[in-house]
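Architecture and fold: a report
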Amino acid sequence: MTPAPRRTRHAAPPREDVLAAAMATIAARGLDGLTMASLGRDVGMSSGHLLYYFRTKDELLLRTLEWSESRLGAERRALLARPGSARERLEAYIGLYLPAGHRDPHWTLWLEVWGRSQNADDDARARQAAIEGAWHRDLVALLAEGISRGEFRPVDPDRSATRLRALLDGFSVHVTVGIPGAGRAQVLARTTEFLDETLAPGERGGERGGPVPR
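Residues numbered from 1 in each chain as written. Predicted model: local features only at pLDDT ≥ 70, side-chain atom pairs only at ≥ 80, totals over all residues. Heavy atoms only, no water.

All right, on to the layout of surface pockets then. Its volume calculated, the largest pocket comes out at about 250 Å³. Around the largest pocket sit 17 residues that line it, and Asp-58, Glu-59, Leu-62, Ala-120 and Ala-124 are the ones nearest its centre. Among the elements of the structure, helix H4 (57-81), helix H6 (105-116) and helix H7 (122-148) are those that each provide at least two residues to the lining of the largest pocket. By residue class, the composition of the lining of the largest pocket is five nonpolar, four polar and eight charged. Counted as a void, the second largest pocket has a volume near 180 Å³. In terms of lining, the second largest pocket is formed by 18 residues, of which the most central are Leu-72, Leu-96, Tyr-97, His-106 and Trp-107. (1 Å grid on protein atoms, 1.4 Å probe; cavity = no way out; pocket = protein on both sides within 12 Å on 5 of 7 lines; lining within 4 Å. Points joined across faces, edges and corners; volume = space filled by probe spheres on them. Helix = DSSP H or I, 4+ residues; strand = E, 2+ residues; numbered from the N terminus. Nonpolar A, V, L, I, M, F, W, Y, C, P; charged D, E, K, R; others polar.)

Non-glycine residue Arg-55 carries a positive phi angle of around 70 degrees. By relative accessible area, which is 55% here, Arg-55 ends up exposed. One non-glycine residue, Arg-103, lies in the positive phi region at around 65 degrees. Note on Arg-103: relative accessible area 61%, which makes it exposed. (Buried < 20%, exposed > 50% of the residue type's maximum accessible area, 1.4 Å probe, protein only.)

Right, let's get into the pattern of salt bridges. Evaluation of the coordinates by the stated rule reveals 15 salt bridges. With a shortest N-O distance of 2.9 Å, Arg-87 and Glu-91 are connected by a salt bridge. One end of the pair, Arg-87, and the other, Glu-91, are both in helix H5 (residues 86-97), four residues apart, so they sit about a helical turn from each other. Salt bridges sharing partners connect three or more residues here, namely Arg-55, Glu-59, Arg-63, Glu-66, Asp-123 and Arg-127. (Salt bridge = Lys/Arg side-chain N within 4 Å of Asp/Glu carboxyl O.)

A few words on the packing of aromatic side chains. Inspection of the entire model under this criterion finds seven aromatic pairs. Geometrically, the ring pair formed by Tyr-52 and Tyr-53 is edge-to-face, given 5.6 Å between the ring centres and 75 degrees between the ring planes. Under the relative-accessibility criterion, Tyr-52 is labelled exposed at 65%. With a relative accessible area of 28%, Tyr-53 lands in the partly exposed category. Seen from their ring centres, Trp-110 and Trp-114 are 4.9 Å apart, and the 40 degrees between their planes marks the pair as tilted. Placement of the pair is Trp-110 and Trp-114 together in helix H6, with a separation of four residues, close to one helical turn. Residue Trp-110 is classed as buried on the basis of its relative accessible area, which comes to 5%. Following the ring pairs from residue to residue traces out a cluster consisting of Tyr-93, Tyr-97, Trp-107, Trp-110, Trp-114 and Trp-135. Taking NZ or CZ as reference, Arg-15 lies 5.9 Å from the ring centre of Phe-54, over its face. (Phe/Tyr/Trp six-rings, centres within 6.5 Å; stacked < 30°, edge-to-face > 60°. Lys NZ or Arg CZ within 6 Å of the ring centre and 35° of its normal.)

Worth remembering: the numbers are spatial, not functional.
In C-alpha cells form, the structure reads like this:
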C-alpha cells in the first residue's frame, strides 16, 4: 500500500511581512479592501490565524500604523541628523510629516485609527500617544536648536511645536481627503508662510507677547 503523502506544514510569515502586506493593500485598494480574509489570502494565512495574532481588526490597524511609523521615524532621525541649517531640516521634517497626496496610505490609516480611538482602551491610547510624542519631541529639539543658533526668534519651543503640528495635522487631513485647493504644493507654500511669520528673526510679535504691527 502506498503511504499517504504527508501534509506539509507552512510556517506563518513574519509579522512584519503581514504588516507590510496590510499597508500595501491600503495603498492599492484603500481601507475598504483590507479585510482579515483578503489579507490572509495575500500572506497565505487563514483569517482565524490572523485573529490569533492580532485579536481584532483595530489591533491590526494600530500595529500596521506602528510599523509604518517606525519606518518614518528612522527616516526622520536621519534627516534631522544631517548637516544644514535648522530651517532646512525643519522644512525637511514638514515634508516628511505631510501626506504625499490624496489618499496617502499612511495618513489614510492614521485617520482610521484616530476615528476608532474613541472606543480604544488605555493601552491603545498610550501607543498612539507614543507615536505623537516622538514627532513632538523631535520638533521641540529642532526648534530649540534653531533658537540657540539665532535662526529662529526666541519663542517657546514646546508651544510653537504644538501650534505647528496642529497646523500640519489640519492641512494633512485636507490633503488626504482631497479638499479642492489643498494639495500638497499649496499646503507646503502656506506652511512656509507660517514659518516666516512665526519663526523668522525680526520684530514681529506673536509668541513674544508684543503686538503684531499693522
